[in-house]
Amino acid sequence: MHWLFTGRLSVDKITVKIAELSPSLQGIKLVQLSDFHYDGLRLSEEMLEEAIAVTNEAEPDLIVLTGDYVTDDPTPIHQLALRLKYLQSRYGIFAVLGNHDIHYSHSQAEVTTALTSIGVNVLWNEIAYPLGNELPIVGLADYWSKEFYPASVMNKLNPATPRIVLSHNPDTAKILEQWRVDLQLSGHTHGGHIVLPGLGPVVYHYKKLLKQVPKKLRRWVPFLLGDCSKVVRYWEWAQGFHQVANNQLYVNRGLGTYRPGRLFCPPEVTVITLS
């Protein structure tokens, strides 16, 4: 999809405070990429090339990928992997899968194999320690899978240990309130797709907006077709940084798109500095 329809790539830089973070990890830099939807339609080669370039220019200590590499057919993951192999980071690349990556019965295995073949560490209810024991990286199974059991993973960690959690769907932040999550990184929402300046993602207000449309015309309003709550419940977390109870959540707007497309909602590469 051409940038005129998606918006130009935005490099969003944030600093996140991690309580009790080891002094040796102060200043650690992460880059988050999400929601590629690489299928020949929803992400241009130019946009992908630019995203990889700006990621490498940031000289990250760690790169994290938060799901939806493909749309439905997993076959394009092999071409995407050929491009993602040029990503560079000091301590490697860690990833979780999204709902589109498990669309068919064979999708999860094919996507995982392709990413693993280029050195990406795919976490599925697993804990990794690329930054050492003082800051584990937790990767959860997709929320919509039958294997989303965060307790089986989170309970393995000492409550006093800071941690970063990768979870594709931001709705999981509500469930994860019962554990310590110093920073949850998610995607899935594409930033809400259509954003009105000063108002935010239209989908967050869609029920109110729908009431303003005559009933006979509602089925002709593409963005309002169907129940948006089936995509995600907490649309107020559609993009950016959020405090969820005692935890912190950041939602990346993604690189690719999906219907109804983007408006005032540019694709995103996130550069995160820990402090």
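Since this is a predicted model, take the numbers as computed values, not measurements.

Each value, and the rule that gives it
Residues numbered from 1 in each chain as written. Predicted model: local features only at pLDDT ≥ 70, side-chain atom pairs only at ≥ 80, totals over all residues. Heavy atoms only, no water. Helix = DSSP H or I, 4+ residues; strand = E, 2+ residues; numbered from the N terminus. Buried < 20%, exposed > 50% of the residue type's maximum accessible area, 1.4 Å probe, protein only. Contact = heavy atoms within 4.5 Å. Areas by Shrake-Rupley, 256 points an atom, 1.4 Å probe, with all protein chains shown as cover. Salt bridge = Lys/Arg side-chain N within 4 Å of Asp/Glu carboxyl O. pLDDT = per-residue confidence, 0-100. Axes fitted to C-alpha atoms, helices over the stretch in contact; angles between N-to-C directions. Parallel < 35°, antiparallel > 145°, perpendicular 65-115°, else oblique. Left-handed = near helix turned anticlockwise from the far one by under 90°. Nonpolar A, V, L, I, M, F, W, Y, C, P; charged D, E, K, R; others polar. Pairing = 2+ DSSP bridges. Core = buried A, V, L, I, M, F, W, Y, C linked by side-chain atoms within 4.5 Å.

Along its length, the protein chain carries 7 helices and 14 strands. Evaluated residue by residue, the protein chain yields a buried proportion of 55% over its 275 residues. A separation threshold of at least 6 residues defines the contact pool for the protein chain, and within that pool the share at least 24 residues apart is 73%. Surface summary for the protein chain: the accessible area is close to 12,700 Å², and the carbon and sulfur share equals 54%.

Once that is clear, we can look at the pattern of salt bridges. This structure, assessed with the given rule, holds 8 salt bridges. A salt bridge links Asp-39 to Arg-42; the nearest nitrogen and oxygen atoms lie 2.4 Å apart. Its salt-bridge partner being Glu-45, residue Arg-83 comes within 2.8 Å of it at the nearest N-O pair. Here Glu-45 lies in helix H2 (residues 45–57) and Arg-83 lies in helix H3 (residues 77–84), a separation of 38 residues in the sequence. Residue Arg-83 is classed as partly exposed on the basis of its relative accessible area, which comes to 25%. Relative accessible area serves as the criterion here: at 34%, Glu-45 is assigned to the partly exposed category.

This prediction gives the protein chain a mean pLDDT of 90; 88% of its residues lie at or above 70. No element of the protein chain has a lower mean pLDDT than helix H1 (residues 3–6), at 54, and none a higher one than strand E8 (residues 164–166), at 99.

Remark: H3 packs on helix H4 (residues 107–117), axes separated minimally by 9 Å, with the N-to-C direction vectors making an angle of 20 degrees. Relative to H4, the element H3 is oriented roughly parallel. For the crossing formed where H3 meets H4, the hand is right-handed. Two secondary-structure elements touch here, H3 through Ile-77, His-78, Ala-81 and Leu-84 and H4 through Glu-110, Val-111, Ala-114 and Leu-115. Its residues placed into classes, the contact of H3 with H4 shows 6 nonpolar, 1 polar and 1 charged.

Take the pairing of strand E12 (residues 240–244) next. Across a regular strand the side chains alternate sides, sitting on one face of the sheet and then on the other. With 5 bridges connecting them, E12 and strand E13 (residues 247–251) associate as antiparallel partners. Opposite Gln-243, over in E13, you have Gln-248 as the bridge partner. Counting the residues in the hairpin turn of E12 and E13 gives 2 residues, including Ala-245, whose phi is positive at 55 degrees.

The next point concerns the sheet that holds strand E4 (residues 93–96). Pairing between sheet strands relies on hydrogen bonds along the backbone, with the strands arranged either parallel or antiparallel. Taken in spatial order, the 6 strands line up as E1-E14-E2-E3-E4-E5 in an open sheet, and their pairing is mixed. At either margin of the open sheet sits one strand with a lone partner, and together these are strand E1 (10–16) and strand E5 (120–122). With strand direction ignored, the average angle separating the axes of adjacent strands in the sheet is 25 degrees. Pairing of strand E3 (residues 62–66) with E4 involves 4 bridges; the strand directions are parallel. Note that in E4 the partner of Val-64 across the bridge is Phe-94. Lying on the sheet, H2 is in contact with E1, strand E2 (29–33), E3 and strand E14 (268–274); it crosses E14 at an angle near 15 degrees.

Phe-36, Leu-65, Tyr-69 and Leu-84 are the most contacted members of the largest nonpolar core, which totals 34 residues. Elements supplying a minimum of two residues to this core: E2, H2, E3, H3, E4, H4, E5 and E14. Per-element tally for this core: the top contributor is H2, with 5 residues. Look past the residues within four positions of Tyr-69 in its chain and what remains in contact with it is Phe-36, His-37, Tyr-38, Ile-77, Leu-80, Ala-95, Val-96, Leu-97, Asp-101, Val-111 and Leu-115. Formed by 22 residues, the second largest nonpolar core is a distinct cluster that contains Ile-28, Ala-128, Leu-185 and Leu-274.

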